[in-house]
Each structure stands twice: as structure tokens, then as C-alpha cells.
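# Notes for the structure review
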Amino acid sequence: MNAIPDIPNSFEGKVPQGFVNDVNGWAFSQGELDRNKGKLLTLDIDFGNHCSLNCPHCFRRNNRADFGISRVLQYDDAVEIITQAKKLGLRSVKFLGAGEPFENLRFLEFLRFLKKMDVIPLIFTKGGLIGDDSQVAKWYSHYGVFTGRELVAELVKVNASILLGFNSFDTDVQDKMVGGVSGYTLKRNRALELLVDAGFNKGNPTSLALICTPITNANIGEVFEIYKWGRERNLHVVTCPTMVSGRCSNEAWASITPCEEGLVGLYTKIYLFNIEKGIQTLGQIKNEGIASYAGAHPCNQIACGMYVTLSGKVLRCPGDDVTVFGSIWNDSLENIWLNSGNFTRQGTFNCGCPPKMGKSIPLGLFGKVMANLERLG
Ligand code: SF4
Ligand code: SF4
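Numbering of residues starts from 1 in each chain and follows the order in which that chain's sequence is written. Each chain is given a letter, starting from A, and each ligand a number, starting from 1, according to the order in which they appear as written. Under the rules for a predicted model, residues below a pLDDT of 70 receive no local features and side-chain atom pairs below 80 are neither given nor counted, while totals for whole chains, interfaces and linings still include all residues. Calculation of side-chain values draws on the structure's entire complement of heavy atoms; hydrogens and water are dropped beforehand.

## Observations concerning the site of ligand 1
By convention in this text, a residue qualifies as near a molecule or strand provided that one of its non-hydrogen atoms is within 4 Å of it. Near ligand 1 there are 9 residues, and of these Cys51, Leu53, Cys55, Cys58 and Lys126 occur at the shortest range. Note that Gly is not counted as nonpolar here; it falls among the polar residues with everything else outside the nonpolar set of Ala, Val, Leu, Ile, Met, Phe, Trp, Tyr, Cys and Pro and the charged set of Asp, Glu, Lys and Arg. Of the residues in the shell around ligand 1, the class split is 5 nonpolar, 2 polar and 2 charged.

Structure (C-alpha cells):
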């Protein structure tokens, strides 16, 4: 059954001039990268590992970096990491896990700490908790927060960007994609409506994104519809083939990833839509290059960021659980950063996606999409 959230269009026709193709705090423009060469502008960090869902493609379950974990990041460790990172230029933090970040009694406290440090939090969430008042009361009543609407009001105060999991409008398909949790999709939709009511999609750039990943054989037919629907509502849409870490390592990614021809067709349609809507011109796309996240801001995470996992290991990025730069238990964040491969890429605007390239992203994808745009755009 399709259940489409009740959200009005933000743009009639083209997006306004000066539209920023990003979500607040996610990536950095070429100018920002040039002005901040050598700085650690962003961090991904694991904050707890509780999660009541069971997504079959979860990149945090069975991950190789944390295998045999002996010591786990605690609240004070996370505060210390941010304090060190701030001295290295930190502007934003992404929460990817290791579970559902909202299922953590100290999460709001940490978000308030980040606000004091003038750091933008970007929160990956499946949204089920925000859309379920009984879950909000369970995890947030000690802050005097009892409903999804009250929780969203707190997220406004800490200047958060919300990256909401969104793989399908179809409740059966979507419930299955989080591990067969009946009723999940309707809660996710309510979360989206609450966030829009609170103005998360009003800014330029927007502070609200739909995370439509991974692109699989099961959902490739629906991704373009979600992309258009989201973009027309000023929701940044992030879509890409699967990570090759966690449950999708060891070639498991190959069985769910669509063929190259299917991916080329999807990426081409998305970029043509961007041109038609004024989100990007053909000239901008040629200049920036095709992004690993189709139609979205190119990833420069591995030129100005790192990923600190639950076990204190520091990795290249969340899509790579084998390239380890160090451990926060043995070294300062500054030393790890200055000796990392990411530091050597400083200033690079479009890093592509080395972990997925030649695996879930076919080697010829970006070139074939660009050739199509030059012919059709
Ligand atoms: S992908 Fe996220 S929401 Fe899904 S099981 Fe993993 S941690 Fe939980
Ligand atoms: S390099 Fe690829 S996997 Fe890593 S953060 Fe960027 S898009 Fe994600």
C-alpha cells in the first residue's frame, strides 16, 4: 500500500536563483575547501549502538573494524574527541550509528553540547522514534520531552540537519527494508510531517534530506519518483548503490546491486531533472563532475573528514571498514588526522567514492552518465 506523506510543494517550476544543492553542514564548496586547507572540517562519529530495527543492508552490523570490540566510546570520550576536533577546524558532525542515534538517553545532551561548540549535527535516522510519542517519552522524558513535536522543537534549537531514511512510499516494501517491522513506515511519515511543520525544509540549503540508499534491484524502479518528490519539496535526496562494508561486505553487495545499464539510466534521469529544475546547469555538472550520490553534492568527506567508530578506531569514511588511520586510545586526533590519507587529499572537491568504485559503483558509471548529459542535456 502506498502512503505518501502530506507535504506541500516548495517550488513552482524552477528552484530560485542561488539555490544551494546541499543539506546544511553536509559537504563543503570549493571555496570553503580552499580557504580551509588542512583543516578537519567534519567528523562522523558513532554514538551508542542501540537499535530496535534490523535492516538487512545495515552497514554497522558485522562490520570488520569493530570486530572483537574491547573498549567502547563513552559520552566523555565523545566530548573529548569533539573538543580536540574543534581545535582542528571542526564545523559539523554526522551521526550514523552504530545504532539509531535517537535511541540514546544522552543524545539530546550531546546535541546541546555541540550547539555550544558551534558545530552542526547531521543525524541519520530512520525516523520511527520521532513519529512515535510513546518512544519519545521512553527515551526523552527526563528532558521534559514527551512527544515527537516537542523533540523536533529541541532539534530546531540545536541547529540539527535531519537525514531521514526513505526507501519507498510503499508500506510493505519499506517495513520489509527495516527488517519487517510492521507499522514503521507510517511513523516515519509522521516524523517527516513534523519536521516539515517545524520548518526544516525552509532554508537554503535545506536542513532536511531523504536518504534513499542503497539503490537495489528491489527499489530501483521507485528511486526516481522519490527523488523528484523530495526535490520539489526542498528535501535534499541522497541516493547511491550500497556501501561495501558491514553486512554488505564480502561480495554481499553484488547480489543486491542493479546492473550498470540500470544505474546509468537512473543517474542520467536524475541529472536531467536537475537541469530542468534549475538545481544545476550542464556547465556546473561538467565543472563539478558526477557525484557518487546522484544529483546531490559531491562527496568531499575523505578530503576534510574522518570517521570515529564505536571502538575508537578512526577510519577513512563510513563506507570503508578496512582502511584504519589509527585509534583514539593510542594517539591524539591531531596526529591521526595529519598522518591520514584524507589529509593528503585536502582541497579536493569531488572525491568520487573510492570504497565503492569498481564494486557497487561500476567503473564506467560517471563517464557514461556525463556522455548522456552532453548528448541530451
Ligand atoms: S541501518 Fe541503522 S536503523 Fe537499520 S539496523 Fe542498522 S543501525 Fe539500525
Ligand atoms: S567516499 Fe563514498 S562511502 Fe565514503 S563517505 Fe564518500 S560517498 Fe560515502
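## Description of helix H4 (residues 133-140)
A 1.4 Å probe rolled over the protein chains alone gives each residue an accessible area, and that area as a share of the maximum for its type sets the label: buried under 20%, exposed over 50%, partly exposed in between. Segments assigned H or I by DSSP are reported as helices when at least four residues long, segments assigned E as strands when at least two residues long, and all are numbered from the N terminus. Buried within H4 we find Val136, Trp139 and Tyr140. Taken around the axis of H4, the buried residues stretch over an arc of 80°, which confines them to a single face. This arc describes the spread of directions from the helix axis toward the C-beta atoms.

## Structural notes on the packing of aromatic side chains
Pairing of aromatic rings covers Phe, Tyr and Trp, the last counted by its six-membered ring, and requires centre-to-centre distances within 6.5 Å; plane angles under 30 degrees mean stacked, over 60 mean edge-to-face, and any other angle means tilted. By the definition in use, this model includes 19 aromatic pairs. Pairing phenylalanine 11 with phenylalanine 19 gives two aromatic rings, centres 5.8 Å apart and planes at 90°, and the pair type is edge-to-face. We count a charge as sitting over a ring when the NZ of a lysine or the CZ of an arginine lies within 6 Å of the ring centre and within 35 degrees of the ring normal. The side chain of arginine 106 reaches across the aromatic face of tyrosine 75, ending 3.8 Å from its centre. A cation sits over an aromatic face here: arginine 188 above phenylalanine 166, 3.7 Å from the ring centre.

## Describing the pairing of strand E1 (residues 42-46)
With respect to burial, E1 is a largely interior element, 5 of its 5 residues being buried. Judged by which residues are buried, E1 turns out to be covered on both faces: Thr42, Asp44 and Asp46 on one side and Leu43 and Ile45 on the other are all buried. Here a strand pair is declared whenever DSSP counts at least two bridges between the two strands. Sheet topology places E1 next to strand E2 (residues 92-97); 5 bridges connect them, and they run parallel. By the bridge assignment for E2, isoleucine 45 is matched with phenylalanine 95. Judged from the 4 bridges that link them, E1 and strand E7 (residues 305-308) form a sheet pairing that is parallel. Counted as the bridge partner of leucine 43 is methionine 306 from E7.

## Section: the sheet that holds strand E6 (residues 236-238)
Read across the open sheet, the 9 strands follow the order E6-E5-E4-E3-E2-E1-E7-E8-E9; overall the sheet is mixed. Because the sheet does not close on itself, it has two edges, and the strands there are E6 and strand E9 (320-327). The mean angle between the axes of side-by-side strands here comes to 25°, regardless of whether they run parallel or antiparallel. The pairing of E2 with strand E3 (residues 120-125) spans 4 bridges and is classified as parallel. Residue pairing across strands places lysine 94 opposite leucine 122, the latter belonging to E3. The contact definition used throughout considers only heavy atoms, calling two residues in contact when any of these lie within 4.5 Å. Angles shown run from 0 to 180 degrees and are taken between the N-to-C directions of axes, each axis being a line fitted to C-alpha atoms and, for helices, limited to the stretch in contact. Packed on one face of the sheet, helix H2 (residues 75-87) meets E1, E2 and E7 and runs near 170° to E1. Taken strand by strand, helix H7 (residues 184-197) contacts strand E4 (161-165) and strand E5 (208-211), and its axis lies near 155° from that of E4.

## A word on helix H8 (residues 220-231)
The length a helix should cover is 1.5 Å for every residue beyond the first. When the terminal C-alpha atoms of H8 are compared, their 17 Å separation across 12 residues agrees well with the 16 Å that a helix rising 1.5 Å per residue should span. On its buried face, H8 is in contact with H7, E5, E6 and helix H10 (260-277).

## Observations concerning unusual backbone geometry
Working note: non-glycine residues mostly have negative phi, and peptide bonds are mostly trans. Here the amide bond leading from asparagine 204 into proline 205 is cis, since omega sits at 5°, within 30 degrees of zero. Considering the arrangement of structural elements, one finds proline 205 in the loop between H7 and E5. With an omega of -5°, the peptide bond running from threonine 213 to proline 214 counts as cis. One can find proline 214 in the loop between E5 and H8. We note that asparagine 234 has phi near 55°; this positive angle belongs to a residue other than glycine.

## With respect to the pattern of salt bridges
By salt bridge we mean one thing: a side-chain nitrogen of Lys or Arg within 4 Å of a carboxyl oxygen of Asp or Glu. A full pass over the atoms with the stated rule returns 11 salt bridges. Between glutamate 374 and lysine 286 there is a salt bridge; the shortest N-O distance is 4.0 Å. Residue glutamate 374 is located in helix H15 (residues 365-376), and its partner lysine 286 is located in helix H11 (residues 282-288); the two are separated by 88 residues in the primary sequence. A relative accessible area of 48% means that glutamate 374 is categorised as partly exposed. Overall, the relative accessible area of 46% leaves lysine 286 in the partly exposed class. Connected through salt bridges with shared partners, the residues Arg112, Glu154 and Lys157 form a single ionic network.

## Here's the deal with the environment of valine 93
Inspection of the secondary structure assignment puts valine 93 in strand E2. Owing to a relative accessible area of 0%, valine 93 belongs among the buried residues under this scheme. Once the C-alpha coordinates of valine 93 and glutamine 74 are considered, the two residues, 19 residues apart in sequence, prove to be 17 Å apart. Those residues in contact with valine 93 that lie beyond four places of it in its chain are Leu43, Ile45, Ile82, Leu114, Val119, Ile120, Pro121 and Leu122.

## Overview of the packing of H10 against H15
At a closest axis distance of 9 Å, the pairing of H10 and H15 adopts a crossing angle of 45°. Judged by the angle between their axes, H10 and H15 are oblique. Crossing handedness for the pair H10 and H15: right-handed. From H10, Glu260, Leu263, Val264, Tyr267, Thr268, Tyr271 and Leu272 reach across to H15, where they touch Leu365, Phe366, Lys368, Val369, Asn372, Leu373 and Leu376. Orientation is classified from the angle alone, with under 35 degrees giving roughly parallel, over 145 giving roughly antiparallel, 65 to 115 giving roughly perpendicular, and any other angle giving oblique. In this scheme the crossing of two helices becomes right-handed for a clockwise turn of the near helix relative to the far one and left-handed for an anticlockwise turn of less than a right angle.

## Points about the packing of helix H5 (residues 148-157) against H7
Put simply, H5 and H7 touch, their axes get as near as 10 Å, and they point 50° apart. Put simply, H5 runs oblique to H7. Crossing handedness for the pair H5 and H7: right-handed. Listed contacts from H7 to Gly148, Arg149 and Val152 of H5 are Leu194, Leu195 and Asp197.

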